[in-house]
Structures are given as structure tokens and as C-alpha cells.
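Read off the chains here:
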Amino acid sequence: MKSCRKLVPTFLNTIYAHDPSASLLNFDPTTLKFANPFSVFYLDNPSKELVDQIVQASSRLTPEQVPEFVGLAATILKAYKSRETNSKLVYSQKLKEFQKSISKFLNNPSKDKSALLTATLSAYAQLGLYDDAIEAIAADDQLPLEIQYHALNAIRHICEDNIDDDQELKIRTSLQKILLKKLQNQSNKNAVRIWSFEALYTSFIYNPETDDSSLADDLEKALSDLLNQPLNQVNGFIWSVLKYSALDRLSSLRGLAARLRVHHENKKQFLEQATLSSRHIEIELPLKKNYEAVVHLSIIFENDRAVPSFIGAKLAFDGIRRETLRLPWIDVALIIENLDWNVAEYFLKLDPLNKNKNVDDDFRDQSKKDLPAGVKKLQDVRYLISMKYIQFLKIET
């Protein structure tokens, strides 16, 4: 009986995912809920009827329903677009209706609306959508990290097909100014500055072949100035990105990265990065004769913390013989914002290598007592960590 109970949901999950007619049974247009949400990610052939239900249901969305609905709805619309039989005009109209319904949830952004905003922004990123609300959210440096990340991620994934031709240059120029300002603002978190850099150098905003050459020139000068600063978490990360971009045939940064690396006068400073330094790593794994898996790993540290504020991983499959093919498979991001920076300070004070402190048992006990209540509780659990391990923890200031 137990095996049957497990078998039935699995069977239904498969039916919902691969049968266009059965997939209609997975969605309840009254409650706007999916019976088997997981099956949506395997839906390879959504029917026009299902898409119509999704678009119509989005017009009745309440803020409470948004987090559970918009991500799955965007996944269905994206799968619908990939079908060769679909007319671009029909899909474009459906997309505009969907965007109109969910765009209102981006108004008046605040910390209290975090779940609502991140869910909506994530749907925008999936579908390559954009409107002025994205720019307003991205420009606000006071919003929580997770909201800023999703806004900048939406900018990274803007699809030119969803932008009116007469508005394209205006939007590109406006976003470039905002992103450049965020990147250069040293009062911003390192993570925000690096996300802004990544958003700047996407095919929509940075196009070396654009008629407006001053756009690319301004970006190149700003990036060169950042790299000429003493080694820090931001320019160290950027340098690691340039190392891979200079060799990546699909990167819009390829030419710029090669020039900056060749002409930089102090390359040695980037060899001095400590273990706990922000960096970008890329790994290529051969699969079959014509394909390989490409893994991107990003780790970002703040100046006053011993734990990363952001960890991102991306897996894609690359067709070696096809110069323009890269199929994304999974993209995961972990934002660590609420771990008190005093944890890092605590580790520093306990570090036997800290020559400015007389580290003894009394000092350790007093340091622990001085921690905030929440952090102290955390340390009660982790206090048994070997001091031999702790001595390797460093923070780059």
C-alpha cells in the first residue's frame, strides 16, 4: 500500500507534465493553485487553453497569491514560447497581458513587501520583461539585498524582443547610468556593486557594436579606474571575471576583457588575493564529442564579515561546434544577509594570530558575553569548533 501511495502522485506528476490536456487538470483557475507545482517545471508542451487560463487568472491576482503563482505561471509562458508552432504575435499579446496584470505589484517597494517583490521580479527575469518600475527599484540603494539582487537580475535578463525599438536606446542609456553609479558607490555593499557590474555587461546594455560608441567608452574607462584601485573585494572579483571572459567566445566582454588585462600595470596585486576573497570561477567539463558542461561559481564577501554575503552557481550545456549555443539548465543564488557581522568580529578576537589582543581564556569568555543575544545563542552551538580551525579565518579589510 505504501508503494502505491508513492506511485500514484508520481504517475499524476508525469501525466500533468507531458500531456497538454491533462495539464489543465493540474491548475485550478478559481483558487489559482497547482495540484502538483513541481510538474510545471517539466511541462514541455503547454496547451493554448492552459496559457489562456494563466493569463486570465493573473488579472485576478491578490498580493497574497503572487509568491505561489507568478513563478509557475512564468515557467508555463516560457515553455509556451519555445514551441515552434506558436505565433510570435500571439505569444507577445499573451505576454503583455500577463505583464500588465503583475506589474502593479512592483509599485511602492519596501522591506515589508520583500516576498511580493522578489517573486514578481523573478517572473520578469524568467520572461525577459522590463518596465520603468524595475529601474526605480534598482536605483534604490536602501532596499534589502534580496530585492536589489532580483531587480538587477531582471535587468540582466532583459530580452530585446520585449522592448519597443524607439525606446531601446533610451532605456539602455538610463540603466547604464544607474548601474554605473551603483558600481562606483563605495558605500554600497560589495555584493550590490558586483551585481551591478554583471548587469552592466549584458548583451542588452553593453554592445561593442552599437552605433553609440561613447556608451562603451564610458564603461571601459570606469572599469579601468576600478581595477587601478588597490586590491579590494570588488576589483578582485571583476579581475577574475575578465580572466574567463577574455577566452569565452560567447562573452560580450571578450574584447574589453582582453584589452584591460593586457594594459593593466599592476597585475601582481591580483595574485595576492586572500582565501576569503570575492571571486568568480568557471569550470568546463567535457561530456560527449560535441558538448560540454559549463559551471560558473561566484562568491562575494563583504569587508567586515567572515562568511560570504552571496554564493551563486550556474550550470549550462555548451555546444562546442555551434558558436552561439549555450543552454542554461540551472541557476542558484544564496544571499546571506541576516547573519550578524559580529560573528566575524568574534572570530577575529578569538584568532590567536591577532597580535593586537592578549588572547586568553578570560578574553574569550568576555568576548562571548559581549555578543548580541542572537549571535551568542549561535555561538553556544558552535563554540566547540577547534581553535586550530579558527586560526585560519581571516578577513580582508
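Residues numbered from 1 in each chain as written. Predicted model: local features only at pLDDT ≥ 70, side-chain atom pairs only at ≥ 80, totals over all residues. Heavy atoms only, no water.

Colleague: Could you give an account of the confidence of the model for the chain, with specific residues and numbers?
Modeller: The predicted model of the chain has a mean per-residue pLDDT of 77, with 72% of residues at 70 or higher. Within the chain, helix α7 (residues 132-139) carries the highest mean pLDDT (95), whereas helix α17 (residues 387-390) carries the lowest (32). Contacts from residues 1-9, a stretch scored under 50 in pLDDT, to residues over four places away or in other chains number 0 contacts. Every residue in residues 378-397 is under pLDDT 50, and counting partners more than four places away or in other chains gives 35 contacts. (pLDDT = per-residue confidence, 0-100. Helix = DSSP H or I, 4+ residues; strand = E, 2+ residues; numbered from the N terminus. Contact = heavy atoms within 4.5 Å.)

Colleague: Residues and numbers for the pattern of salt bridges, please.
Modeller: Two side chains of opposite charge can pair, provided their charged atoms sit close to one another. Scanning all chains against the criterion turns up 7 salt bridges. Between Glu168 and Arg172 there is a salt bridge, with its nearest N and O atoms 3.0 Å apart. Note that Glu168 and Arg172 are positioned in helix α9 (residues 168-184) at a spacing of 4 residues, about one turn of the helix. Classification of Arg172 by relative accessible area gives buried; the value is 6%. Across the pair Lys221 and Asp225 runs a salt bridge whose closest N-O atoms are separated by 3.2 Å. In this pair, Lys221 and Asp225 are both assigned in helix α11 (residues 213-227), 4 residues apart and thus about one turn of the helix distant. By relative accessible area, which is 39% here, Asp225 ends up partly exposed. When salt bridges that share partners are traced, they join Lys48, Asp52 and Lys94 into one network. (Salt bridge = Lys/Arg side-chain N within 4 Å of Asp/Glu carboxyl O. Buried < 20%, exposed > 50% of the residue type's maximum accessible area, 1.4 Å probe, protein only.)

Colleague: Pulling in residues and values, what's your account of the packing of aromatic side chains?
Modeller: Scanning the entire structure with this criterion turns up 8 aromatic pairs. Between Tyr149 and Phe310, the aromatic rings sit 5.5 Å apart at their centres with planes inclined by 40 degrees, giving tilted as the arrangement. Of this pair, Tyr149 sits in helix α8 (residues 145-156) while Phe310 sits in strand β5 (residues 310-319); the two residues are 161 residues apart in sequence, bridging distant segments of the chain. The residues Tyr149 and Phe310 share a single accessibility class, namely buried. (Phe/Tyr/Trp six-rings, centres within 6.5 Å; stacked < 30°, edge-to-face > 60°.)

Colleague: Give me the lowdown on the layout of surface pockets, citing residues and values where you can.
Modeller: Reported here for the second largest pocket is a volume of approximately 690 Å³. Lys96, Asp161, Asn162, Ile163 and Asp164 are, among the 22 residues lining the second largest pocket, the residues nearest its centre. Ranked by residues supplied to the lining of the second largest pocket, first place goes to helix α5 (residues 88-102) with 6 residues. When grouped by side-chain class, the residues that make up the lining of the second largest pocket number 6 nonpolar, 7 polar and 9 charged. (1 Å grid on protein atoms, 1.4 Å probe; cavity = no way out; pocket = protein on both sides within 12 Å on 5 of 7 lines; lining within 4 Å. Points joined across faces, edges and corners; volume = space filled by probe spheres on them. Nonpolar A, V, L, I, M, F, W, Y, C, P; charged D, E, K, R; others polar.)

Colleague: Got a sec to walk through the packing of helix α3 (residues 48-58) against α5? Specific residues and values, please.
Modeller: A packed helix pair is summarised by two numbers, namely the angle formed by the two axes and the spacing between the axes. Axis separation between α3 and α5 bottoms out at 8 Å; the angle between their running directions is 25 degrees. With respect to each other, α3 and α5 are oriented roughly parallel. You can see that α3 and α5 cross each other, and the crossing is left-handed. Across from Lys48, Val51, Asp52, Val55 and Ser58 in α3, the residues of α5 making contact are Lys94, Glu97, Phe98 and Ser101. (Axes fitted to C-alpha atoms, helices over the stretch in contact; angles between N-to-C directions. Parallel < 35°, antiparallel > 145°, perpendicular 65-115°, else oblique. Left-handed = near helix turned anticlockwise from the far one by under 90°.)

Colleague: Tell me about the side chain of Glu302, residues and numbers included.
Modeller: Relative to the elements of secondary structure, Glu302 occurs in the loop between β4 (291-300) and β5. Buried charge without a partner: Glu302 forms no salt bridge, and the closest opposite charge is Lys189, 5.3 Å away. One polar contact links the side chain of Glu302 to the main-chain amide nitrogen of Ala191, over a distance of 3.2 Å. Side chain to side chain, Glu302 and Ser309 meet in a polar contact 2.9 Å long. Aside from chain neighbours lying at most four places away, what touches Glu302 is Lys189, Asn190, Ala191, Gln233 and Ser309. (Lys, Arg positive; Asp, Glu negative; His and termini not counted. Polar contact = N/O pair within 3.5 Å; in protein donor to acceptor, adjacent residues only side chain to side chain.)

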